[in-house]
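# A structural walkthrough
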Amino acid sequence: MKYCNMITVANAKVATYDHSSKLAMEYPGEDIFTSARDLKILGNTNHIALLADFGKQSSFKNALRGIDTTLILSLTDTDSDHLLCCRLLPLKMKRSECCIRQRINFPIVFDHSRPMLRYNIRISAENGECLLDIPFRLYDLTLLKLLPTRFYSPLSASITTCGGLVPKKTPGKDFDCFDNYLHFALSSLLPLSVELPELQLRLVKPDGTELCSYVTPQRNTLKDANNAQDNINVRVHLGTCCESPRGEYYAELLSMGYPIAGMVFSTAGEAVEGLWTGADTEPIRNYTPAAAHRRLQSIYQPHAITTKDCTGCRPSGFGV
């Protein structure tokens, strides 16, 4: 029986690992997977893992039968269109089951000839019909000679409007969630020939809840084509704050899981124009609301405190 129109694939996550990684020792290791689509590889990386939820289409959920089929999973180098690995996944679901989670491992040998690789995992039905494509990129740290903590460095941070004419350190009670953007200006040590990897944005709200999303940095080559490495922007609309309480926020950028920049702002009190720079754009080590408050108060009482306890640390590693 053909099941291609009856199967759904959701929450697909990809990870890389080697024989000594935690992911190699835990199965399925759900907590280790993230939604990232830009991943790192090292000299000993030899596996790619996929975690996904396989379910039934809503029109098939009430059917008086289960599913017994085999899916085809193919790993392809997108740049060369070369098939690297193919796996068969037997999929059996009882009548009472609506969804099952499966992990599939792809053994692979990297030749470490390119600093960035574009790969794709295609999940197909028995008849070859594509159910889902999962594109992702791999960054070879061995060739780049950089750790993710060195991919980017913060230059400034601010809250801007759609026109972006007057940046603010904090918008205060003038905050407009429909027209305010979080803006980080960054520099990068990555070669211009390498596409900029995504960054994760962590936003801590006044009530302590967190929102996480992935953002794509943009090179502003129109501003200065000869200095593109120092003209990288991350701009995020703050519409998610519309229904949030007024108060102090902390925004942090992470590169492949490592914090590389942070800023605080408030949607209450007085607005302060200007840019956060220097140590005030570093991630807050061991973040607490009190530490964020101290950094924010420095713009109202600039000589009352220092930002020494707010400065983020960067793990040691190779690279300049």
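The structure under discussion appears in the preceding block.
The present account deals with the structure reproduced in this document. The model shown is predicted, which means the values in this text are computed figures rather than measured ones. (Residues numbered from 1 in each chain as written. Predicted model: local features only at pLDDT ≥ 70, side-chain atom pairs only at ≥ 80, totals over all residues. Heavy atoms only, no water.)

### Observations regarding the sheet that holds strand S6 (residues 99-107)
- Strands sit in the order S1-S3-S6 across an open sheet of three strands; the sheet is antiparallel. Every interior strand has two partners, whereas the edge strands, strand S1 (7-17) and S6, have only one. Taking the axes of each pair of neighbouring strands and ignoring which way they run, one obtains an average angle of 20° across the sheet.
- By the bridge criterion, nine bridges tie S1 to strand S3 (residues 47-56) in an arrangement that is antiparallel. In the strand pairing of S3, Tyr17 is matched with His47. (Pairing = 2+ DSSP bridges. Helix = DSSP H or I, 4+ residues; strand = E, 2+ residues; numbered from the N terminus. Axes fitted to C-alpha atoms, helices over the stretch in contact; angles between N-to-C directions.)

### Observations regarding the layout of surface pockets
- One number sums up the size of the largest pocket: a volume of about 520 Å³.
- As for the largest pocket, its lining consists of 26 residues, of which Thr16, Thr34, Leu39, Lys40 and Met256 are closest to the centre.
- Put simply, the parts of the chain that give the lining of the largest pocket at least two residues each are S1, helix H1 (22-25), strand S2 (38-41) and strand S12 (199-204).
- Partitioned by chemical class, the residues of the lining of the largest pocket number 14 nonpolar, seven polar and five charged. (1 Å grid on protein atoms, 1.4 Å probe; cavity = no way out; pocket = protein on both sides within 12 Å on 5 of 7 lines; lining within 4 Å. Points joined across faces, edges and corners; volume = space filled by probe spheres on them. Nonpolar A, V, L, I, M, F, W, Y, C, P; charged D, E, K, R; others polar.)

### Observations concerning the environment of Asn11
- Inspection of the secondary structure assignment puts Asn11 in strand S1.
- If sequence neighbours within four positions are ignored, Asn11 has contacts with Leu51, Ala52 and Asp53.
- In this structure the side chain of Asn11 is engaged in a polar contact, spanning 2.8 Å, whose partner is the side chain of Asp53. (Contact = heavy atoms within 4.5 Å. Polar contact = N/O pair within 3.5 Å; in protein donor to acceptor, adjacent residues only side chain to side chain.)

### Some thoughts on the environment of Leu91
- Tracing the backbone shows Leu91 in strand S5 (residues 82-93).
- Looking at Leu91, the relative accessible area reads 0%, which means it is buried.
- Between the alpha carbons of Leu91 and Asp68 there is a distance of 5.8 Å; along the sequence they are 23 residues apart.
- Setting aside anything within four residues of it in sequence, one finds Leu91 in contact with Ile7, Phe54, Ile67, Asp68, Thr69, Thr70, Leu71, Ile100 and Gln102. (Buried < 20%, exposed > 50% of the residue type's maximum accessible area, 1.4 Å probe, protein only.)

### A short note on the side chain of Ser188
- In this structure, Ser188 sits in strand S11 (residues 180-188).
- Judged by relative accessible area, Ser188 falls into the buried class, the value being 6%.
- At 2.7 Å, the side chain of Ser188 and the backbone oxygen of Phe151 are in polar contact.
- There is a polar contact of 3.0 Å between the side chain of Ser188 and the backbone nitrogen of Leu190.

### A short note on the pattern of salt bridges
- Per the counting criterion, the structure on display carries 13 salt bridges.
- Put simply, Arg101 and Asp53 hold a salt bridge, and the shortest N to O gap is 2.5 Å. On the criterion of sequence distance, the pair formed by Arg101 in strand S6 and Asp53 in strand S3 is long-range, its members being 48 residues apart.
- The class of Asp53 is buried, set by a relative accessible area of 8%. (Salt bridge = Lys/Arg side-chain N within 4 Å of Asp/Glu carboxyl O.)

### Let's talk about the packing of aromatic side chains
- Counted according to the given criterion, the structure contains five aromatic pairs.
- Ring geometry for Tyr139 and Phe151: centres 6.3 Å apart, planes at 50°, overall tilted. Of this pair, Tyr139 sits in strand S8 (residues 130-140) while Phe151 sits in the loop between helix H2 (141-144) and strand S9 (152-161), and the two are twelve residues apart along the sequence.
- Residue class for Tyr139 comes out buried when judged on its relative accessible area of 0%.
- The class for Phe151 is buried, based on a relative accessible area of 0%.
- Geometrically, the ring pair formed by Tyr250 and Tyr287 is stacked, given 4.7 Å between the ring centres and 10° between the ring planes. (Phe/Tyr/Trp six-rings, centres within 6.5 Å; stacked < 30°, edge-to-face > 60°.)

### Some points on the side chain of Arg202
- Following the sequence through the fold, Arg202 ends up in strand S12.
- At 3.1 Å, the side chain of Arg202 forms a polar contact with the side chain of Glu210.
- Contacts of Arg202, omitting those with residues within four sequence positions, involve Glu210, Leu211, Cys212, Tyr250, Ala251, Glu252, Leu254 and Tyr287.

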